Amino acid sequence: MLFHAQAAPGPLAGPLVAAAVILPHHLRPRGLDDSKKLDEAERDRLAAEVKAGAVAWAVGVASPEEVDRLNPYQAGLLAM
């Protein structure tokens, strides 16, 4: 299984979003290494493939107010 969590260093505006997924060892969908290189249709295909094959997945959000109150690092931990 693979676990990966990532949070942006901090937004200038808007929420801070963190995502995590646990994949079975055999599942390595094409394009998973850098979804920013993909167009919207490819990202949608990849998201569906990952969600369908994942052991578990989750998305967490810290609001802009939480980022301002806590600081970007702490808000990232909250989102995770």
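Residues numbered from 1 in each chain as written. Predicted model: local features only at pLDDT ≥ 70, side-chain atom pairs only at ≥ 80, totals over all residues. Heavy atoms only, no water.

1. Some thoughts on the overall build of the protein chain
Across its full length, the protein chain carries three helices and three strands. Shown N-terminal to C-terminal, the secondary structure of the protein chain runs as helices and strands in the order β-β-α-β-α-α. For the protein chain, with 80 residues in total, the buried portion stands at 22%. Restricting the contact set of the protein chain to residue pairs at least 6 apart, pairs at least 24 apart contribute 51%. Accessible surface computed for the protein chain: about 5700 Å², of which carbon and sulfur atoms make up 59%. (Helix = DSSP H or I, 4+ residues; strand = E, 2+ residues; numbered from the N terminus. Buried < 20%, exposed > 50% of the residue type's maximum accessible area, 1.4 Å probe, protein only. Contact = heavy atoms within 4.5 Å. Areas by Shrake-Rupley, 256 points an atom, 1.4 Å probe, with all protein chains shown as cover.)

2. Brief notes about unusual backbone geometry
One non-glycine residue, Asn71, lies in positive phi territory at about 110 degrees. With respect to the element layout, Asn71 can be found in the loop between helix 2 (64-70) and helix 3 (72-79).

3. A look at the pattern of salt bridges
Within the structure shown, the criterion is met by one salt bridge. With a closest N to O distance of 2.8 Å, Glu49 and Arg45 form a salt bridge. Linking Glu49 with Arg45, this pair stays in helix 1 (residues 40-53), spanning four residues, or about one helical turn. Residue class for Glu49 comes out partly exposed when judged on its relative accessible area of 31%. Here Arg45 falls in the partly exposed class, since its relative accessible area comes to 29%. (Salt bridge = Lys/Arg side-chain N within 4 Å of Asp/Glu carboxyl O.)

4. Concerning the nonpolar core
With seven residues, the main nonpolar core is built from Val21, Leu23, Leu27, Leu38, Leu46, Val50 and Ala54. Elements with a minimum of two residues in this core: strand 2 (16-23) and helix 1. (Core = buried A, V, L, I, M, F, W, Y, C linked by side-chain atoms within 4.5 Å.)

5. What about helix 3?
Among the residues of helix 3, Ala75, Gly76 and Ala79 are the ones counted as buried. Projected down its long axis, helix 3 carries its buried residues within an arc of 105 degrees, all on one side. Where helix 3 starts, the residue carrying a side-chain oxygen 3.0 Å from the main-chain nitrogen of Tyr73 turns out to be Asn71. (Arc of directions from axis to C-beta. Polar contact = N/O pair within 3.5 Å; in protein donor to acceptor, adjacent residues only side chain to side chain.)

6. With respect to the confidence of the model for the protein chain
Looking at the protein chain, pLDDT values average 85 and 84% of them are 70 or higher. Element-level pLDDT for the protein chain is lowest in strand 1 (residues 2-7), with a mean of 51, against a maximum mean of 96 in strand 3 (residues 56-62). (pLDDT = per-residue confidence, 0-100.)

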